[in-house]
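Topology and contacts: notes
So you can see what is in the structure, the chains are spelled out below.
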Amino acid sequence: MKITILNGDLETKKSDFSDYIEELVKQFQVNNHIVDVFHLKKMELSYCHGCWNCWWKNPGLCSTKDDAEIIFKSYINSDFVIFASPLYVGFTSSSLKKISDRLIVLLHPYIEIRNKESHHTKRYKNYPDFGLLIKEEDDTDKEDIQILNDIYDRFAINFHCEKRYLKSVNLNTEKEIVNASCNI
Amino acid sequence: MQVVIFNGSPRRKISNTKLLINSFLLGYKKATDTKVPVYYIASFNKKEEMLNAYKNAKVVIIFFPLYTDMMPGIVKEFFEDISKFKNYERKKIGFVVQSGFPEAYQSIFVEKYLEKLAKRLKLNYVGTVIKGGVEGIKIMPAWMTKELFANFTDLGEYFAKNNEFDDKINRKLRKPYRMSKIKRILFSIFSKTGLTNFYWNGNLKRNKAYEKRYNRPYAQK
Ligand SMILES: Cc1cc2nc3c(=O)[nH]c(=O)nc-3n(C[C@H](O)[C@H](O)[C@H](O)COP(=O)(O)O)c2cc1C
């Protein structure tokens, strides 16, 4: 399988979370999977400016020229994606959210009714399912986990895919994440 | 400094958010002479000034567009920044979330997050206003946006008097909450005529990009 990991850790130096991701990558590779891993905070990545150039000027292309293009390519050509991030004030990091906003480039502007709601149609044939890998904060509670689950389920509807799991590095080994990701 | 507004749209001065804030302030000014500063979260060169304004404000209102079912990444960054002031002072905070899709339902998940955020930061939460169907308001004829702007003006006037949102207006703005069956049927009929994509097709054609609308530039297989 081809797997894309978006690491939203805001710490650019050594951290437990990024060490975990490094080990996770090794475990995937041992099992013959191909992994692209991006530590977002270490890359040159802008935020989505909401210009709609990707929808009505150069369809499918983001006009902000930075490191995002390799992420778009990796994402849309993957079999599975992992959104990985420690929680900050109850949600995944701003780095991860900024690139998630820009993934809109992968959708088509046309609107359809899905789930009895308005949503955008597909631009590509297939969209990868994803898993959400978090590190809990000291005060993370059930309500926070529910909010995360709900919002990433919504993301899945918008991005024509399914959320396969929400798991935490506090409770799961790297091996368990590999199994959960490949068991699709 | 009493009330401070933050505009969380990445589009800043050309945002739909700005139009809604303008209407809100129009109403606000009817009730009081107090000036309300507006900061653009996307103006990163003013970050320090912005965080100071947040720190000193008694009442904070954050307006933002819904971005992939949540606040935009830059607004998340702002939340991370202000979380440093956790025990700073007990202040009031309210939010206005507006979205492209018409249903308010699309924004109720971020609303839950916002309520929890206020609790986490020990702020006094005054609620979240939700309004769908906002994309395109800039090009709509005045008769189509008249009611929307009037509602935001009333919302602003009420806020100036009570330091909270008017529940009645908020309920009105949250319509439609979901797509009714009739609307869904009408939508599928109109979609066959191309009417539902009128906004996108108009812009695609204007940019001579209509023929390229199905491009898949990032596909490798
Ligand atoms: C990257 C991006 C993501 C968006 N995601 C959503 C969404 O999930 N649901 C929705 O209803 N509208 C979504 N929208 C539409 C905006 O909320 C809508 O266009 C809004 O009116 C923009 O306001 P602004 O001009 O103040 O930025 C999105 C727009 C962009 C650019």
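These notes cover the structure that comes with them.

Parameters and conventions
Residues numbered from 1 in each chain as written. Chains lettered and ligands numbered in written order. Predicted model: local features only at pLDDT ≥ 70, side-chain atom pairs only at ≥ 80, totals over all residues. Heavy atoms only, no water. Near = heavy atom within 4 Å. Polar contact = N/O pair within 3.5 Å; in protein donor to acceptor, adjacent residues only side chain to side chain. Areas by Shrake-Rupley, 256 points an atom, 1.4 Å probe, with all protein chains shown as cover. Nonpolar A, V, L, I, M, F, W, Y, C, P; charged D, E, K, R; others polar. Helix = DSSP H or I, 4+ residues; strand = E, 2+ residues; numbered from the N terminus. Buried < 20%, exposed > 50% of the residue type's maximum accessible area, 1.4 Å probe, protein only. Contact = heavy atoms within 4.5 Å. Phe/Tyr/Trp six-rings, centres within 6.5 Å; stacked < 30°, edge-to-face > 60°. Lys NZ or Arg CZ within 6 Å of the ring centre and 35° of its normal. Buried area = accessible area lost by both parts, 1.4 Å probe. Salt bridge = Lys/Arg side-chain N within 4 Å of Asp/Glu carboxyl O. Expected span 1.5 Å × (residues − 1).

What follows deals with the site of the ligand. Residues in close proximity to the ligand total 22 residues, the closest being Ser9, Asn16, Thr17, Gln98 and Glu135 of chain B. One chain alone does not account for the residues near the ligand; they come from chains A and B. Here an oxygen atom of the ligand sits 2.8 Å away from a polar atom, N or O, in the side chain of Arg11 of chain B. Between Gly100 of chain B and the ligand, the recorded distance is 3.1 Å, taken from a backbone N or O atom to a nitrogen atom. For the ligand, whose unbound accessible area comes to 640 Å², protein coverage reaches 97%. Classifying every residue of the shell around the ligand gives 8 nonpolar, 10 polar and 4 charged.

Here we take up the environment of Asn7 of chain A. Residues and elements named next belong to chain A. Topologically, Asn7 is positioned in strand β1 (residues 2-7). Residue classification places Asn7 among the buried positions, given a relative accessible area of 3%. As for Asn7 and Ser181, which are separated by 174 residues in sequence, their C-alpha atoms are 16 Å apart. Discounting residues that sit within four places of it in the chain, Asn7 has contacts with Phe17, Ser18, Ile21, Phe38, His39, Leu40 and Ala84.

Turning next to the packing of aromatic side chains. By the definition in use, this model includes 34 aromatic pairs over all chains. Centroid distance Tyr75 of chain A to Phe83 of chain A: 6.4 Å. Interplanar angle 45°. Geometry classified as tilted. Of the two residues, Tyr75 of chain A and Phe83 of chain A, neither departs from the other in class, the shared state being buried. A ring pair is formed by Phe155 of chain A and Phe159 of chain A, whose centres lie 4.3 Å apart and whose planes are at 15°; its orientation type is stacked. Note on accessibility: Phe155 of chain A and Phe159 of chain A belong to one class, buried. The lysine or arginine in question, Lys91 of chain B, covers the ring of Tyr54 of chain B, its NZ or CZ lying 4.7 Å from the ring centre. In this arrangement the basic side chain of Arg178 of chain B is found over the ring face of Tyr105 of chain B, its NZ or CZ atom lying 3.8 Å from the centre.

Moving on: the interface of chain A and chain B. Taken together, the contact pairs 61 residues of chain A with 56 residues of chain B. When the two sides are added together, the surface that chain A and chain B hide from each other amounts to roughly 5,200 Å², 57% of it contributed by carbon and sulfur. Contact with chain B buries area across many residues of chain A, yet Trp56, Val89 and Tyr110 of chain A alone supply 16% of it, more than any other trio. Counting the contacts that link chain A with chain B gives 9 salt bridges. A salt bridge links Lys116 of chain B to Glu143 of chain A; the nearest nitrogen and oxygen atoms lie 3.4 Å apart. Where chain A packs against chain B, one counts 37 residue pairs in polar contact (both at pLDDT 80 or more). Of all the secondary-structure elements, those providing two or more residues to the side of chain A that touches chain B are α2 (53-56), α3 (68-76), α4 (94-102), β4 (107-114), β5 (117-122) and α5 (142-158) of chain A. Sort the elements by how many residues they give to the side of chain A that touches chain B and α5 of chain A lands first, with 8 residues. When grouped by side-chain class, the residues that make up the side of chain A that touches chain B number 25 nonpolar, 17 polar and 19 charged.

Residues and elements named next belong to chain B. Residue Pro176 is bonded to the preceding Lys175 through a cis peptide linkage, with omega at -5°. With respect to the secondary-structure elements, Pro176 resides in the loop between α6 (167-173) and α7 (181-193). Even without a glycine there, the phi angle at Asp69 is positive, about 65°. Positive phi, close to 55°, is recorded for Asn163, a residue that is not glycine. Tracing the backbone through its elements, the reader meets Asn163 in the loop between α5 (142-162) and α6.

Attention now moves to helix α3 (residues 73-82) of chain B. Of all 10 residues that make up α3 of chain B, 10 are buried, and the element is covered over most of its length. Buried positions along α3 of chain B lie against α4 of chain A together with β1 (3-7), α2 (47-56), β3 (59-65), β4 (92-98) and α4 (108-120) of chain B.

A separate point is helix α1 (residues 16-30) of chain A. All names here are of chain A. For α1, with 15 residues, the first-to-last C-alpha span of 21 Å sits near the 21 Å given by 1.5 Å per residue. All of the buried residues in α1 are Phe17, Ser18, Tyr20, Ile21, Leu24, Val25, Gln27 and Phe28. Considering only its buried residues, α1 is in contact with β1, β2 (34-39), β3 (80-86), β6 (129-135) and α6 (174-182). Asn32 sits one or two positions beyond α1 and adopts a positive phi of about 65°.

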